[in-house]
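A structural walkthrough
So the chains spell out like this:
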Amino acid sequence: MALLQVGQKAPDFTAKDQDGNEVSLRDFTGRKVVLYFYPKDDTPGCTREACAFRDNLPNFQKTDAVVLGVSVDGQKAHRKFADKYELPFTLLVDDEKKIVEAYGVWGLKKFMGREYMGTNRVTYLIDEQGAIEKVWPKVKPETHAAEVLDWLQQKT
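Let's shift gears to the environment of Ala2. Mapped onto the elements, Ala2 comes out in the segment before strand 1 (14-16). Spatially, the C-alpha atom of Ala2 lies 29 Å from that of Thr63, the residues being 61 residues apart in sequence. In this structure Ala2 touches Tyr103 and Gly104, once residues within four positions along its chain are discounted.

Before going further, it helps to examine the packing of helix 1 (residues 44-62) against helix 4 (residues 144-155). Running from N to C, helix 1 and helix 4 point in directions that differ by 25 degrees, and their axes come no closer than 8 Å. Accordingly, the angle class assigned to the pair helix 1 and helix 4 is roughly parallel. Handedness of the helix 1/helix 4 crossing: right-handed. For the pair helix 1 and helix 4, contact is made by Glu49, Ala52, Phe53, Asn56, Asn59 and Phe60 and by His144, Ala145, Ala146, Val148, Leu149, Leu152 and Gln153, respectively.

Relative to strand 7 (residues 114-119), strand 6 (residues 106-111) is paired through six bridges, and the arrangement is antiparallel. Pairing of Lys109 across the sheet is with Tyr116, part of strand 7. Between the antiparallel neighbours strand 6 and strand 7 lie two residues, among them Met112 with a positive phi of about 50 degrees.

Cut-off values and rules
Residues numbered from 1 in each chain as written. Predicted model: local features only at pLDDT ≥ 70, side-chain atom pairs only at ≥ 80, totals over all residues. Heavy atoms only, no water. Helix = DSSP H or I, 4+ residues; strand = E, 2+ residues; numbered from the N terminus. Contact = heavy atoms within 4.5 Å. Axes fitted to C-alpha atoms, helices over the stretch in contact; angles between N-to-C directions. Parallel < 35°, antiparallel > 145°, perpendicular 65-115°, else oblique. Left-handed = near helix turned anticlockwise from the far one by under 90°. Pairing = 2+ DSSP bridges.

Encoded structure:
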């Protein structure tokens, strides 16, 4: 897994969201983007992380940052996940693994002695000009949203 580095241009992408709308990174030029990658909809860690972003969303909006979640789950799974937990931000469908590969978050994982390929829990903060401003390569689902928010509030 080769993550992008601070200062690099963030790879542009276009993907469908949980409602089937096309979303591109370039749609958010002029705003900061919190691009968080998570392994799977409606699993314990991913749910805690998503709900923490949900609960902090008004504070993210005060910093003029957009929150985008990305996983390789499909649109139907994203819609169900968003509805179940009332997630008010965009979840991007990356079932072809183009975004996770471009951002270096697809790689070998280990769980209970088993190795497999999957999405690593990584977050990028992309600045208003589309460059990587900050990378969080190891994320704790429960506290991560507050960590990102703290970073943003110190910068504004």
